[in-house]
Structures are given as C-alpha cells and as structure tokens.
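This is what each chain is made of:
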Amino acid sequence: MKNSKIYDWTPERMNSLEAKTFVITGANAGAGYAATEILLSKGATVVMLNRNKDKTKQAIENLKEELGTDIQVSFIHLDLANLASVKKGAAEVLNKVPKIDALLCNAAVAQIAKREYTTDGFESQLGINHYGHFLLTNLLFDRIEQSQGRIVIVSSEGYKMGLKTIQFGDMNFEHNYNPMNTYCHSKLAQMIFGYELQQRIQKTKKEVKVYVCHPGASRTSLINEKASRRDRILFSIMSLLPIVQSAEKGAYPEVMCATEESLPIAAYYGPTGTMNWSGPVGACEMEDFVLNREIAQQLWEVSEKATQCVWNL
Ligand SMILES: NC(=O)c1ccc[n+]([C@@H]2O[C@H](COP(=O)([O-])OP(=O)(O)OC[C@H]3O[C@@H](n4cnc5c(N)ncnc54)[C@H](OP(=O)(O)O)[C@@H]3O)[C@@H](O)[C@H]2O)c1
C-alpha cells in the first residue's frame with residue numbers, strides 16, 4: 001500500500017462529539033489516556049476498558065481535574081490477558097452501552113523480557129495485543145454495526161521490524177522467543193486482522209469501518225518493568241530525542257481514525273515525519289506483506305480457534 005497523502009490532522013479539526021460514544025482499551029495510561037482526554041474534551045462519552053482498577057480510578061480523577069466533573073467517562077474492568085475477562089467485560093459493555101461509535105483497540109504490552117503466558121496459555125504479547133482484541137471486536141461487532149460505527153486498530157511501525165510474517169508453526173515462540181520480534185509479531189497480527197476485517201466487511205452490506213494506525217514513537221509507559229534493563233535504558237534515552245513525541249500527539253492517529261468524517265479506510269495512518277516517529281499525521285507507506293490474504297485467512301482461522309469465537313463474515 002503506497003499512499004503518502006498528508007492530512008496534518010490535529011484535534012482542532014474536530015467538531016463537537018456530544019452524543020458519540022467511544023469504547024477504548026488501555027485508557028488509563030499513555031496514548032489511550034491521551035485519546036480519552038481529547039475525546040472527552042469534545043463532549044464525547046468514553047467507556048474505558050482497563051485491567052487495573054486503581055490506576056483507572058486515578059486516571060478518572062485526573063481527567064475530572066483537567067476537564068471538569070461533568071465529563072461522561074466510565075470504566076469496565078477487562079483484562080485482555082484472560083479470555084473469560086474479555087467475555088465478561090464485553091457482556092457488560094453490551095449491557096450498559098447502547099451505541100458504540102468507535103471501538104479503539106489501543107492497549108498493548110511490549111518487549112516482555114522473559115516469555116510470559118496469558119491465562120489461556122498464549123504468549124503474552126500475541127495473547128493480549130492480538131487474541132484479546134480479536135475476541136473483543138468479535139463480541140462487540142454487532143453493536144458497532146447497529147451503530148454504523150468504527151473499529152480502530154492501534155498497531156506499530158514495529159510490524160516491519162520482526163519476522164514480517166506470522167509464525168504459524170510456533171505461535172508461542174517456544175523455540176525463538178525474542179522480546180522485540182515477538183512484540184512485532186503481535187503488532188503485525190493486529191494489522192493483518194484489521195485489513196482482513198475490512199475486506200470481509202466490504203463483501204457485505206454492513207456499515208462498519210475499520211481503520212489501522214500507529215502512534216509513531218511516543219513518550220509513554222509502554223516499555224516498563226517487564227522489559228529488560230537494556231531496553232528500558234534504550235527507551236528512556238530514545239525518549240529524549242526531539243523526534244520522539246508526547247503521548248498526546250501519539251493519540252492523534254487513533255482519535256482521527258475514530259472521528260474524522262469521510263476518512264478513507266484503505267490506508268495506514270500515523271505520523272509521517274522522519275521514520276514515521278513524529279510529524280504531521282496522515283497516511284503512511286505500508287509494506288505489502290501485511291496484505292497477504294493467504295496469511296490473513298490462516299491467521300483468522302487460528303485466531304478463531306484460539307479464542308473460540310466464530311465470525312459471521
Ligand atoms: N509508545 C510508543 O512509542 C508506541 C510505538 C508504537 C506503537 N505503540 C502502540 O500504542 C498503543 C498504546 O501504547 P502506549 O505507548 O500508550 O503504552 P502504555 O502507556 O503502556 O499504555 C498501554 C495500555 O495498555 C494497557 N494494557 C496492557 N495490558 C493490558 C491487558 N492485559 N488488559 C487491558 N489493558 C492492558 C495498559 O494498562 P496497565 O496500566 O494496566 O498496564 C495501559 O493502559 C499500543 O497499542 C502500543 O503497541 C506505542
């Protein structure tokens with residue numbers, strides 16, 4: 001996909017979002033928190049799907065301090081590392097949220113130094129970043145469709161830094177675990193899923209738009225105590241570089257994808273400056289291997305089996 005159109009999107013372009021509802025994972029920190037703040041500042045209702053109750057309580061207090069106590073923000077507990085929790089959280093969303101204008105699949109873990117497994121036995125980066133969101137999107141899809149809403153997949157430029165394909169023979173990286181490669185594998189899986197979902201929806205009359213984006217390089221808590229000392233030091237040095245941007249700017253692509261009218265779906269959005277780390281938000285170039293349909297269909301089947309869900313698409 002070679003589309004380098006620059007939009008230079010900023011939140012100033014946004015109209016009022018009153019009457020719009022956004023559901024977002026991983027909203028208590030980093031780009032997810034910043035996206036939540038931008039959406040709330042325009043009058044939207046935001047439902048945070050987070051795993052950490054204490055951090056969420058603090059995040060909501062901070063948002064109220066920044067934006068006022070009448071903001072429409074709420075929290076549903078959901079741990080993407082546990083499929084039962086995803087099901088429970090999604091059921092609560094369906095119970096409490098009548099309309100979803102956009103689901104933002106934002107949460108992630110990255111560069112976990114020592115291989116970890118989710119509750120269901122998946123390598124944690126693939127399990128949380130891809131399988132958790134795959135199931136969540138499936139469970140909320142009908143509500144999003146009824147709302148003529150959007151699905152926003154937040155990926156990473158890392159998609160092209162790892163294996164550049166899906167390792168179907170060893171999805172858990174039992175034989176070649178590497179914190180970075182395995183993270184990149186999970187972000188590639190998310191993108192492949194996003195574009196495959198787009199393709200499948202286009203064959204139906206369903207009015208759901210799927211967008212894929214990345215936040216560039218943003219100062220967030222993504223590389224934390226679970227990463228190696230070396231990776232943490234590298235990330236903090238990198239964060240001092242002027243081409244690394246704030247978490248707020250890192251949130252722009254996902255907010256744009258969730259809100260911008262008439263935004264084409266056949267694109268990969270993010271900052272378009274040096275190495276796509278920061279700079280004007282627009283459509284970035286994307287490597288063709290993301291759009292390999294054979295791999296996409298195999299990944300779809302593997303993901304349905306892993307999460308025990310079935311898509312009617
Ligand atoms: N920062 C960058 O430079 C960069 C670059 C490329 C892509 N990205 C992508 O940008 C997105 C946002 O990341 P960020 O940089 O803002 O990182 P962040 O500050 O670490 O935020 C990640 C969020 O995901 C949540 N999360 C992690 N595991 C979860 C789970 N099992 N269930 C539910 N929520 C979970 C975290 O919650 P806890 O607080 O509970 O951990 C946190 O709220 C991610 O998709 C990431 O891959 C970031």
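Residues numbered from 1 in each chain as written. Predicted model: local features only at pLDDT ≥ 70, side-chain atom pairs only at ≥ 80, totals over all residues.

Student: Where do I start with the nonpolar core in this structure?
Tutor: Most often, soluble globular proteins have nonpolar side chains that are buried together. If you look at the biggest cluster of nonpolar residues, it comprises 91 residues, and the most contacted ones within it are Leu-103, Leu-104, Val-152, Ile-192 and Tyr-269. Those residues in contact with Ile-192, other than ones at most four positions away along the chain, are Ile-166, Val-290, Ile-295, Ala-296 and Leu-299. (Core = buried A, V, L, I, M, F, W, Y, C linked by C-beta atoms within 7 Å. Buried ≥ 20, exposed ≤ 12 C-beta atoms within 10 Å, placed from the backbone. Contact = placed C-beta atoms within 7 Å.)

Student: In this structure, what is going on with the pairing of strand S7 (residues 268–271)? I would like to understand it.
Tutor: Taken residue by residue, a regular strand's side chains alternate between the two faces of the sheet. Relative to S7, strand S6 (residues 209–213) runs parallel, the two being bridged by 2 bridges. The partner of Val-212 across the bridge, within S7, is Tyr-268. Bridge count for S7 against strand S8 (residues 281–283) is 3 bridges, and the pairing is antiparallel. Along S8, the bridge assignment pairs Pro-271 with Val-281. (Pairing = 2+ DSSP bridges. Helix = DSSP H or I, 4+ residues; strand = E, 2+ residues; numbered from the N terminus.)

Student: Which parts of the structure should I look at to understand the sheet that holds strand S5 (residues 150–154)?
Tutor: Backbone-to-backbone hydrogen bonds pair the strands of a sheet. The strands run either parallel or antiparallel. Ordered in space as S3-S2-S1-S4-S5-S6-S7-S8, the 8 strands form an open sheet in which the pairing is mixed. Among the strands making up the open sheet, the edge pair consists of strand S3 (72–77) and S8. Ignoring which end each strand starts from, the neighbouring axes of this sheet average 20° apart. When S5 meets S6, the two strands line up parallel, connected through 5 bridges. Of the residues in S6, the one forming a bridge with Val-152 is Tyr-211. Docked against the sheet, helix H4 (residues 124–146) engages strand S1 (21–25), strand S4 (102–105) and S5, running at close to 175° with respect to S4. (Axes fitted to C-alpha atoms, helices over the stretch in contact; angles between N-to-C directions.)

Student: Looking at this model, I keep getting lost on the pairing of S1. Mind explaining?
Tutor: Where burial is concerned, most of S1 is hidden: 4 out of the 5 residues are buried. One ladder, built from 5 bridges, connects S1 with strand S2 (residues 45–50); its direction is parallel. The partner of Thr-21 across the bridge, within S2, is Thr-45. Chirality of the crossover, the property in question, places the unit of S1, helix H1 (residues 30–41) and S2 among those that are right-handed. Judged from the 3 bridges that link them, S1 and S4 form a sheet pairing that is parallel. (Right-handed = clockwise from strand over helix to strand, strands pointing away.)

Student: So what exactly am I meant to see when it comes to unusual backbone geometry here?
Tutor: Peptide bonds are trans in most cases, and residues, glycine excluded, mostly fall at negative phi. With phi around 55°, Asp-8 is a residue other than glycine that occupies positive phi space. On the secondary structure map, Asp-8 appears in the segment before S1. Judged by C-beta crowding, with 11 C-beta atoms within 10 Å, Asp-8 ranks as exposed. For Gln-111, which is not glycine, the phi torsion reads 50° and is therefore positive. Of note, Gln-111 is situated in the loop between S4 and H4. A residue is classified by how many C-beta atoms lie within 10 Å of it, and Gln-111, with 23 of them, is buried.

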